[in-house]
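One-letter residues, chain by chain:
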Amino acid sequence: MTKCSSCGETFSRGDWDSLARHYYDSASKSDVSHVMWLNRYITKEKTRDEKELAELLERYFRLDNLSLEKWIRLKFIERFYGARPHPFVVALQQPTKETLLGYVLEHQHFLRQWVRSCSYIMAKTDRVDVTLYELDNINTEFGGFGPERPSHYELLLRMGESLGLNRKEILSTEPLPDTRYCLGAWDELAAREHWVETMAAMHGLELIADRTLTEDGAVMHYFDPSILRGDKVTEATKNFLREGYEADVGHSKEALELVEKYSSELGMIENVQATFLKSIDLFHTYLLARLQRAEMLTKATTR
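The rules behind these values
Residues numbered from 1 in each chain as written. Predicted model: local features only at pLDDT ≥ 70, side-chain atom pairs only at ≥ 80, totals over all residues. Heavy atoms only, no water. Core = buried A, V, L, I, M, F, W, Y, C linked by side-chain atoms within 4.5 Å. Buried < 20%, exposed > 50% of the residue type's maximum accessible area, 1.4 Å probe, protein only. Helix = DSSP H or I, 4+ residues; strand = E, 2+ residues; numbered from the N terminus. Contact = heavy atoms within 4.5 Å. Disulfide = S-S within 2.5 Å. Axes fitted to C-alpha atoms, helices over the stretch in contact; angles between N-to-C directions. Parallel < 35°, antiparallel > 145°, perpendicular 65-115°, else oblique. Left-handed = near helix turned anticlockwise from the far one by under 90°. Salt bridge = Lys/Arg side-chain N within 4 Å of Asp/Glu carboxyl O. Patch = residues over 30% accessible without salt bridge, like charges linked within 9 Å, V, L, I, M, F, W, Y side chains within 5 Å. Areas by Shrake-Rupley, 256 points an atom, 1.4 Å probe, with all protein chains shown as cover.

Section: the nonpolar core
Here comes step 1: Among the nonpolar cores identified, the biggest contains 87 residues, and Leu57, Phe76, Tyr81, Trp186, Ile208, Tyr222 and Phe283 are the most heavily contacted of them.
Here comes step 2: Here this core takes 11 residues from helix 6 (residues 97-124), the largest share from any one element.
Here comes step 3: When near neighbours in sequence (up to four residues on either side) are disregarded, Leu57 contacts Trp16, Leu19, Ala20, Tyr23, Trp37 and Ile42.

Things to note about the state of the cysteines
Here comes step 1: Under the criterion given, the structure shown has zero disulfides.
Here comes step 2: Its sulfur unpaired, Cys4 is 3.7 Å from the next cysteine sulfur, which belongs to Cys7.

Some details on the packing of helix 6 against helix 7 (residues 128-143)
Here comes step 1: Contact geometry for helix 6 and helix 7: axes closest at 9 Å, N-to-C directions at 165°. With respect to each other, helix 6 and helix 7 are oriented roughly antiparallel. In terms of crossing hand, the pair formed by helix 6 and helix 7 is left-handed. Where helix 6 abuts helix 7, its residues Leu111, Arg112, Trp114, Val115, Cys118, Ser119, Ile121 and Met122 lie against Val130, Thr131, Glu134, Leu135, Asn137, Ile138, Glu141 and Phe142.

Looking at the pattern of salt bridges
Here comes step 1: The final tally for this structure, using the stated rule, is 25 salt bridges.
Here comes step 2: With a shortest N-O distance of 2.6 Å, Arg293 and Glu106 are connected by a salt bridge. You can see Arg293 sitting in helix 13 (residues 269-301) and its partner Glu106 sitting in helix 6, a full 187 residues away along the chain.
Here comes step 3: Assessed through its relative accessible area of 10%, Arg293 is described here as buried.
Here comes step 4: Assessed through its relative accessible area of 0%, Glu106 is described here as buried.
Here comes step 5: Where Arg167 meets Glu154, a salt bridge forms, and the shortest distance between an N and an O atom there is 2.9 Å. Taken together, the positions of Arg167 in helix 9 (residues 167-171) and Glu154 in helix 8 (residues 152-162) put the pair 13 residues apart, joining distant regions of the chain.
Here comes step 6: By sharing partners, the salt bridges in this structure join Lys3, Glu188, Arg192, Glu193 and Glu197 into a single network.

Let's talk about a nonpolar patch on the surface
Here comes step 1: On the surface, Val128, Leu132 and Leu135 cluster together to form a nonpolar patch covering roughly 290 Å² of accessible area.
Here comes step 2: Residue placement: Leu135 occurs in helix 7.

Thoughts on the environment of Tyr133
Here comes step 1: Turning to its location among the elements, Tyr133 is positioned in helix 7.
Here comes step 2: Linking Tyr133 and Cys118, residues 15 residues apart in sequence, is a C-alpha distance of 9.8 Å.
Here comes step 3: Non-local contacts of Tyr133, meaning those with residues more than four positions away in its chain, are made with Met199, His203, Glu206, His251, Glu254, Ala255 and Leu258.

Set out below in structure tokens:
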């Protein structure tokens, strides 16, 4: 089926005319979320009519000679690593203590929701390869594999401790409103949508730390790799950043290969595309919340 990325309303597969009519009607009523989506992804100019908008929508979602995995990578790069990289990515190139603490305090909540989202995938799927992938992913992100291979969650908490916050203080910090909103939206998405869509929505986000994105046009890495050398950040910070830098390439690629396989098999490519776009919009807002937390911490220390 074809789906609206803003509100989730569905239409027959490839029915770009109905989707265009839906967006056109919403825009004519000045519905903010639909107007913003059109401005962000399709065009900032008012189209002549629904037919023109249908053509633009079809062109945007059309894969042509691309794989679905490649389409997702390119759209992710456009959103976070294009001509105007996301402000958090810019800040993380040479991060301040406050930027890293903002990362810790908001991301701890994201990782807890991540486990819930992946659990929804496992609960809904009957595909063994997907279940095995998600089990490994949950252990990597949250459970860990013993003292020698702590989880990303544990490494995140250690980074926070190395920056001066004790664990109790970290864990008792409530998420900022934007983070809370995004977590709720991801939880609802995972509960409501097909498991293939949820895989694309959540594992597509792992592209943020995929260092191979520069091969497809990203203007920078998630952070400047040089900070993994020298003494600009703590050892615990290096351990956390290095883990994602090294692991997320394989993690996101394997997940997106599974998404490609089953979305094609189940005839859900357009649904997956729409849900993925919804998720990266949420991710954009969530990353800004990390910066907001950093700004709050900076103001608190300069009083």
